[in-house]
Amino acid sequence: MNRHYHFADLFELAADAVPERTAVHDDRRSITYAELEARANRLAHVLQAGGVQPHDHVAVLARNRIEWAEAIFAIYKIRASVVNVNYRYVEEEMRYLLANADPVAIIYQAEYEPLVAASRGVQPDLVTFVRIDDGTAPGSSPIPEALDYEDALAAASPERDFAERSDDDVYLLYTGGTTGMPKGVMWRMEDVFYALGGGVDVFTNVKVTSPTALVEKINPDAPSGIIMLQTAPFMHGAGQFGLMRSLFEGNTAVVMDQFDAERVWRRIHELRINVVGFTGDAMARPLADVYEQIGSEIDVTCLYSFSSTAAVWSQSLKDYFRRVLPEHTAMMDAIGSTETGMNGFRVVTNDDNQQQGITTVQPSIDSVVLDDDLQPMPPGTGKVGRLARGGNIPIGYYKDPAKTAETFVVDANGKRWSIPGDFARVEDDGRITLLGRGSVSINSGGEKIFPEEVEQAIKAHPEVFDVLVVGIPDERWGETVCALVQPRPGTLPTLEGISEVARAQIAGYKVPRRLVLTDSVPRHANGKPDYRKAKAAAIAATER
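If you're wondering where the values come from, they're calculated on a predicted model, not measured in any experiment. (Residues numbered from 1 in each chain as written. Predicted model: local features only at pLDDT ≥ 70, side-chain atom pairs only at ≥ 80, totals over all residues. Heavy atoms only, no water.)

1. Looking at the side chain of Gln230
Put simply, the test is: Comment: elements are numbered from the N terminus, with helices defined as DSSP H or I runs of at least four residues and strands as E runs of at least two. The contact rule is simple, with two residues in contact once any of their heavy atoms fall within 4.5 Å.
Within the fold, Gln230 resides in strand 10 (residues 227–230). Every residue in contact with Gln230, bar those within four places of it in the chain, is listed here: Asn64, Ala238, Gly239, Gly242, Val254 and Gly277.

2. Side note on the sheet that holds strand 19 (residues 396–397)
To keep things clear, this is the line we draw: In short, DSSP must find at least two bridges between two strands for them to pair.
In spatial order, the strands read 8-9-19; together these three strands make up an open sheet with antiparallel pairing. Strand pairing shows two members of the sheet lacking a second neighbour, strand 8 (170–175) and strand 19, which therefore form its edges. Relative to strand 9 (residues 183–188), strand 8 runs antiparallel, the two sharing six bridges. Its bridge partner lying in strand 9, Leu172 is registered against Met186.

3. Examining helix 13 (residues 451–458)
Threshold: Buried, partly exposed and exposed residues are distinguished by accessible area as a fraction of the type maximum, computed with a 1.4 Å probe on protein chains only: under 20%, between the cut-offs, and over 50%, respectively.
Extensive coverage of helix 13 is indicated by the burial of eight of its eight residues. When we look at burial in helix 13, the residues that qualify are Pro451, Glu452, Glu453, Val454, Glu455, Gln456, Ala457 and Ile458.

4. As for the sheet that holds strand 28 (residues 514–517)
Test applied: The axes are straight lines fitted to the C-alpha atoms, using for helices just the contacting stretch, and the angles between their N-to-C directions are given from 0 to 180°.
One open sheet holds the three strands; their spatial order is 26-27-28, and the pairing between them is mixed. Each having just a single partner strand, strand 26 (464–474) and strand 28 make up the two edges of the open sheet. Neighbour-to-neighbour, the strand axes of this sheet turn through a mean angle of 25°, independent of strand direction. Of the pairings in the sheet, the one linking strand 26 to strand 27 (residues 478–487) comprises 10 bridges and is antiparallel in character. Paired with Asp466 across the two strands is Gln486, which belongs to strand 27. Relative to strand 26, helix 15 (residues 531–542) is tilted by about 70°, and along the sheet it contacts strand 26, strand 27 and strand 28.

5. Things to note about the packing of helix 10 (residues 280–294) against helix 11 (residues 315–324)
Test applied: Comment on the angle field: the value is read as roughly parallel under 35 degrees, roughly antiparallel over 145, roughly perpendicular from 65 to 115, and oblique elsewhere. Crossing handedness is read from the near helix: turned anticlockwise from the far helix by less than a right angle, it gives a left-handed crossing, and turned clockwise, a right-handed one. Residue polarity is assigned by list, with Asp, Glu, Lys and Arg as charged and Ala, Val, Leu, Ile, Met, Phe, Trp, Tyr, Cys and Pro as nonpolar; anything else, Gly included, falls into the polar class.
At a minimum axis separation of 11 Å, helix 10 and helix 11 run at an interaxial angle of 40°. Between helix 10 and helix 11, the crossing angle belongs to the class labelled oblique. For the pair helix 10 and helix 11, the sense of crossing is left-handed. Here Asp281, Ala284, Arg285, Leu287, Ala288, Tyr291 and Glu292 of helix 10 come into contact with helix 11, specifically with Ser316, Leu317, Tyr320, Phe321 and Val324. Classifying every residue of the contact of helix 10 with helix 11 gives eight nonpolar, one polar and three charged.

6. A word on the pairing of strand 12 (residues 275–278)
The cut-off we apply is this: By convention, a crossover is right-handed whenever its connection, traced from the first strand over the helix to the second and viewed with the strands pointing away, goes clockwise.
Burial along strand 12 is two-sided: the face carrying Val275 and Gly277 and the face carrying Val276 and Phe278 are both buried. By the bridge criterion, three bridges tie strand 10 to strand 12 in an arrangement that is parallel. Its bridge partner lying in strand 12, Gln230 is registered against Gly277. For the segment spanning strand 12, helix 10 and strand 13 (residues 305–309), crossover handedness is right-handed.

7. Here we look at the packing of helix 3 (residues 66–77) against helix 8 (residues 237–248)
Viewed as axis vectors pointing N to C, helix 3 and helix 8 meet at an angle of 75°, and their least axial separation amounts to 11 Å. On the basis of the axis angle, helix 3 is roughly perpendicular to helix 8. Contacts between helix 3 and helix 8 involve Trp68, Ala69, Ile72, Phe73 and Tyr76 from the first element and Gln240, Leu243, Met244, Leu247 and Phe248 from the second. Residues that form the contact of helix 3 with helix 8 fall into these classes: nine nonpolar, one polar and no charged.

8. Considerations on the packing of aromatic side chains
Going by this rule: Aromatic pairs are defined between Phe, Tyr and Trp rings, using the six-membered ring for Trp, whenever the two ring centres lie within 6.5 Å; interplanar angles under 30 degrees are classed as stacked, those over 60 as edge-to-face, and all others as tilted.
Under the counting rule described, the total for this entry stands at 25 aromatic pairs. With centroids separated by 5.8 Å and ring planes inclined at 20°, the aromatic side chains of Trp265 and Phe306 adopt a geometry described as stacked. Within this pair, whereas Trp265 is found in helix 9 (residues 261–271), its partner Phe306 is found in strand 13, the two being separated by 41 residues in sequence. Under the relative-accessibility criterion, Trp265 is labelled buried at 0%. Consider the rings of Trp265 and Phe321, whose centres lie 6.2 Å apart with planes at 35°: the pair is tilted. Of this pair, Trp265 sits in helix 9 while Phe321 sits in helix 11, and the two are 56 residues apart along the sequence.

9. So, the pattern of salt bridges
Pairing is possible between side chains of opposite charge, provided their charged atoms come close. Quick note on the threshold: Any carboxyl oxygen of Asp or Glu that lies within 4 Å of a side-chain nitrogen of Lys or Arg is treated as forming a salt bridge with it.
In total, this model carries 37 salt bridges according to the counting rule given. Arg28 is the partner of Asp26 in a salt bridge, and the nearest nitrogen-oxygen pair spans 3.3 Å. Salt-bridge contacts for Lys403 lead to Glu406; the nearest nitrogen and oxygen are separated by 3.6 Å. Of this pair, Lys403 and Glu406 both sit in helix 12 (residues 401–407), separated by three residues, roughly a single helical turn. Among the charged side chains, a network of salt bridges with common partners joins Arg3, Asp9, Glu12, Asp16, Glu37, Lys77, Arg160 and Arg165.

This is the structure in structure tokens:
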């Protein structure tokens, strides 16, 4: 069988190379590559028996666990697509997703069975239900036809006897972004492999030239590969690609069912974890606070990489971890989006000279800043354009041609670009400084203000645990800048104090004019901001 840049093929190559290595370690158990391969084959046969065909959609609703990994590869083995379901959904959101995504099967953790049962009626094509027993199942199931996960696997074949796949098979990822309802982004397997799946060396921008390139780097005689902890949930892209990239390279993925800062440090110590990926300050801040308390109790000399993906973390936290982690621990920002893939990275050093903005990164392959005529901007103009990526980019949004045409555009020369809405500029040295998402920008007296840039400035205040910045109505300026701040325990930050810290880093017109203190800043499970809820909370608080 020919091998392709297909996630099922890439996993099978690794499983054949190091069958006895530990592939995934979760809160309950660990599993080898050979065991994961056999169980994924069994689940694939269960789905086929339930009528799942190539190009069908199969939903997965669960917290991080080994069964999530089995489901991913089982679905891809039969050329179907995963529909990632947010376990925080309420019934209205679940009904929207099922109606939009058209799944014919769903694999779900028993905890969420009432939600599945209440929502299933909107999707008549959803006929196969596979329930993962997590100890929460009621005495009588509201979905009596549901298959028990373990029983179904035990009765199915472990053989790898599936049809050849294609580079054109679809990887589907639902993203809620920072506003609005979730959208399904469709990628060709080959394109998303090069954009997010490890097909390009981030330091050299050199593409691999064969589906076997990653597995050829594996030393099968070594007792283990790199041990990698991915804290983001698999229901989001950061978590999925953290898992898959680990497995494509013959490494061990350590996963937890939910983020817990102390457990992260304890796992690093106990399992001798080498690489940790997290998502922005929502995870980095509690990790720093816990390390302050228990750092002397644990050994982190095993840690060689400690990096944020999918969200930038603040300079004050980078400075802290640079001081307390081993000198050999590399730290990075890696930025991108579901619609573009990888856009760039920044290695954290002791002598960082941060440009004004959210962060300044070395661009990845095919990443540019476009002007209003869709032409790449040269370095050093000082002008603001739109961050874009060409080359390997998505097909479009599932069942949304209007949004597809808006985001994936073709320039006058016939080149296709992905432009999800982030503003940026190109510095003199060719690096790109991110400014923020246009859809959440604030227009105050005609000045455009990007919330993320203001947030980075505010996070330098020692009493700020977390913050989101939004625009609220103002009679004079149209909108004014409001900071929604979660204080550190036992503190009560003031608008005057926050403004003073921010003014040292950003222009005066960007400094917050209103302050709302809150017990918790609204964020999605992967740590990304929920600006829609943040704005509603800020308006409600200031109107009282």
